[in-house]
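Close look at the chain arrangement
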Amino acid sequence: STEQIAAVAGLQFLSCGLACVDALPNADPLSALAKAAFSHVATLLKDVHERHPSVHCPEFTSHVVTSTSSSWMGLERFASGVVAWAEDELALVDTSLAKSVVQSAAGLKALVCLVR
């Protein structure tokens, strides 16, 4: 599960995105797609942590989820932050993995934008 990935890899920042994903309505078909897309981003970030432990993980301010709309907004901020981090920092040490992370996080952001 994504929770296990975050705990095992020491990627506590994933808890911000996870809180947003967990707050999405289960009845919404796009929620399932967003959860799957978030899980893929989380898996790639675990790979980054394992391959390049010296690379600092992206940092995000916590996002308080008070409604479904704020959970989508928080997820969009999370995805945007991951894209920026991968382009600015990860690309300096692993361009191939950075491209994968950017594509995955951009896909998550595009999905979120469908809802907003």
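Residues numbered from 1 in each chain as written. Predicted model: local features only at pLDDT ≥ 70, side-chain atom pairs only at ≥ 80, totals over all residues. Heavy atoms only, no water.

Notes on the nonpolar core
- Judged by nonpolar contacts, the single largest core of 32 residues is most densely connected at L45, L75, F78, V101 and L108.
- Only α2 (14–22), α3 (29–51), α4 (68–88) and α5 (95–115) provide two or more residues apiece to this core.
- Contacts of L75, omitting those with residues within four sequence positions, involve G17, C20, V21, L24, A34, F38, L108 and V112. (Core = buried A, V, L, I, M, F, W, Y, C linked by side-chain atoms within 4.5 Å. Buried < 20%, exposed > 50% of the residue type's maximum accessible area, 1.4 Å probe, protein only. Helix = DSSP H or I, 4+ residues; strand = E, 2+ residues; numbered from the N terminus. Contact = heavy atoms within 4.5 Å.)

Concerning the environment of A84
- Inspection of the secondary structure puts A84 in helix α4.
- Given a relative accessible area of 32%, A84 falls into the partly exposed group.
- Residues A84 and P58, 26 residues apart in the sequence, show an inter-C-alpha distance of 8.9 Å.

Considering the side chain of D94
- Counting through the fold element by element, D94 comes out in the loop between α4 and α5.
- Here D94 occupies a buried position and makes no salt bridge, while the nearest side chain of opposite charge, R51, is found at 4.1 Å.
- Polar contacts involving the side chain of D94 include one to the main-chain amide nitrogen of L97, which spans 2.9 Å.
- Excluding anything up to four places from it in sequence, D94 contacts R51 and H52. (Lys, Arg positive; Asp, Glu negative; His and termini not counted. Salt bridge = Lys/Arg side-chain N within 4 Å of Asp/Glu carboxyl O. Polar contact = N/O pair within 3.5 Å; in protein donor to acceptor, adjacent residues only side chain to side chain.)

Concerning the pattern of salt bridges
- For the coordinates displayed, the defined rule picks out 1 salt bridge.
- Across the pair E50 and K46 runs a salt bridge whose closest N-O atoms are separated by 2.8 Å. Of this pair, E50 and K46 both sit in helix α3, 4 residues apart, which is roughly one turn of that helix.
- K46 gets classed as partly exposed once you look at its relative accessible area, which sits at 22%.

Overview of α5
- With 21 residues, α5 should cover 30 Å at 1.5 Å per step; its first-to-last C-alpha distance of 31 Å lies within 8% of that length.
- Taken together, the buried positions of α5 are L97, A98, V101, V102, S104, A105, L108, L111 and V112. (Expected span 1.5 Å × (residues − 1).)

Quick notes on the confidence of the model for the protein chain
- Model confidence for the protein chain is summarised by a mean pLDDT of 84, while 80% of its residues fall at 70 or above.
- Averaged pLDDT values for the elements of the protein chain fall to 48 in helix α1 (residues 2–9) and rise to 95 in α5.
- Here residues 5–10 is a poorly scored stretch, pLDDT under 50, and it has 7 contacts once near neighbours within four places are set aside; other chains count. (pLDDT = per-residue confidence, 0-100.)

Overview of the packing of α2 against α3
- Packing of α2 against α3 brings their axes to within 10 Å, and their N-to-C directions diverge by 170°. With respect to each other, α2 and α3 are oriented roughly antiparallel. Residues L14, G17, L18 and V21 of α2 touch α3, and the partners they reach there are K35, F38, A42 and L45.
- For the contact of α2 with α3, a count of residues per class yields 6 nonpolar, 1 polar and 1 charged. (Axes fitted to C-alpha atoms, helices over the stretch in contact; angles between N-to-C directions. Parallel < 35°, antiparallel > 145°, perpendicular 65-115°, else oblique. Nonpolar A, V, L, I, M, F, W, Y, C, P; charged D, E, K, R; others polar.)

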